[in-house]
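So you can see what is in the structure, the chains are spelled out below.
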Amino acid sequence: MSQQDLVFVADDRPLAEAAREIARAVGASVDPEHSSPERISLVLNSSSAGAEVEVRCHVERNVFAEKDPSPEEVNAYDGYPVLLDVWLRRRDDRRQQAEAKALFERLAQASPQAPTLLVQELGLLVAAHLPARGVHEFPPDTTVDAEDRDAWGDWVVPGT
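Owing to the predicted nature of the structure, the values given are computational and were not obtained by experimental measurement. (Residues numbered from 1 in each chain as written. Predicted model: local features only at pLDDT ≥ 70, side-chain atom pairs only at ≥ 80, totals over all residues. Heavy atoms only, no water.)

K.L.:
So, the overall build of the chain: which residues are in play, and what are the values?
P.N.:
Of regular secondary structure, the chain possesses 3 helices and 8 strands. Counting helices and strands in the order they occur from the N terminus, the chain gives β-α-β-β-β-β-α-β-β-β-α. For 160 residues, the compact-globule formula gives about 15 Å, and the C-alpha radius of gyration of the chain, at 15 Å, lands near that figure. The principal-axis extent of the C-alpha atoms belonging to the chain is close to 45 × 35 × 30 Å. The burial tally for the chain puts 44% of its 160 residues in the buried class. Restricting to contacts in the chain with at least 6 residues of sequence separation, those with at least 24 account for 55%. Counting every atom, the chain has about 8300 Å² of accessible surface; 49% of that belongs to carbon and sulfur. Taking the average location of the 16 positive side-chain charges in the chain and that of its 29 negative ones, the two points are 8 Å from each other. (Helix = DSSP H or I, 4+ residues; strand = E, 2+ residues; numbered from the N terminus. Rg over C-alpha atoms; globule rule 2.2 N^0.38 Å. Buried < 20%, exposed > 50% of the residue type's maximum accessible area, 1.4 Å probe, protein only. Contact = heavy atoms within 4.5 Å. Areas by Shrake-Rupley, 256 points an atom, 1.4 Å probe, with all protein chains shown as cover. Lys, Arg positive; Asp, Glu negative; His and termini not counted. Charge placed at Lys NZ, Arg CZ, Asp CG, Glu CD.)

K.L.:
Hey, could you go over the nonpolar core for me, with residue numbers and the actual values?
P.N.:
If you look at the biggest cluster of nonpolar residues, it comprises 27 residues, and the most contacted ones within it are Val 59 and Leu 84. Mapped onto this core, the elements with two or more residues apiece are strand E1 (5-9), helix H1 (15-26), strand E3 (39-44), strand E4 (55-61), strand E5 (82-88) and helix H2 (93-110). With 7 residues, H1 is the single largest residue contributor to this core. Not counting chain neighbours up to four residues away, the residues in contact with Val 59 comprise Leu 15, Ala 19, Ile 22, Glu 38, Arg 39, Ile 40, Leu 42, Val 82, Leu 83 and Leu 84. Grouped together as the second largest cluster of nonpolar side chains are 18 residues, Phe 8, Tyr 77, Leu 117 and Ala 146 included. (Core = buried A, V, L, I, M, F, W, Y, C linked by side-chain atoms within 4.5 Å.)

K.L.:
I'd like to hear about the packing of aromatic side chains, residue by residue, with values.
P.N.:
Across all of its chains, the model carries 1 aromatic pair by this definition. Ring centres of Phe 8 and Tyr 77 lie 4.9 Å apart, and the angle between their planes is 10°; on these two criteria the pair is classed as stacked. Here Phe 8 is found in strand E1, whereas its partner Tyr 77 is found in the loop between E4 and E5, with 69 residues between them in sequence. The ring of Trp 155 has Arg 133 sitting right over it, with the charged end atom 4.0 Å from the ring centre. (Phe/Tyr/Trp six-rings, centres within 6.5 Å; stacked < 30°, edge-to-face > 60°. Lys NZ or Arg CZ within 6 Å of the ring centre and 35° of its normal.)

K.L.:
So, the pattern of salt bridges: which residues are in play, and what are the values?
P.N.:
Oppositely charged side chains are able to pair whenever their charged atoms sit close together. Using the criterion set out here, one finds 7 salt bridges in the structure. Residues Glu 21 and Arg 24 are paired through a salt bridge, measuring 2.4 Å at the closest nitrogen-oxygen approach. Remark: Arg 24 and Glu 21 occur in helix H1; sequence separation between them is 3 residues, near one turn of the helix. Since its relative accessible area comes to 52%, Arg 24 is described here as exposed. Residue Asp 154 pairs with Arg 133 through a salt bridge whose shortest N-O separation is 3.7 Å. In this pair, Asp 154 is assigned in the segment after helix H3 (149-152) and Arg 133 in the loop between strand E7 (124-130) and strand E8 (134-137), connecting sequence segments 21 residues apart. Asp 154 gets classed as exposed once you look at its relative accessible area, which sits at 55%. Because the salt bridges share partners, they merge into one network encompassing Asp 11, Arg 13 and Glu 17. (Salt bridge = Lys/Arg side-chain N within 4 Å of Asp/Glu carboxyl O.)

Written as structure tokens, this is what we have:
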């Protein structure tokens, strides 16, 4: 089974509009053949992956966010309505992780007003970006779960 690398974006706009802005910001193109109203497929330009590896991401609504969770069910990504699922056509977990981080960094730089999170396996919080604060990398094994709220505290947009 392959690794899951995700970027969450705090963007309340309609999905198609958010996906177009993300594509513009990171230099990606929309793949209309593999897109639908619920999931926009992007093909990313990657200088590090090489021509033999195609980097893609699906832009979709964050279905993992909890509305009004109890304090023990809060997750770091609850306040981020958009989810980017990053993957490679030819699976390579280490390279995929590097590509997801590069996407996160490009998005933070090109869209500095959009708070973002970089998450692995839907459970490990890798990094966060907040406007006017920049990027923060979390210690290894920091989870998105409420038990680690003190670790991610004010680096995460609270859920609704």
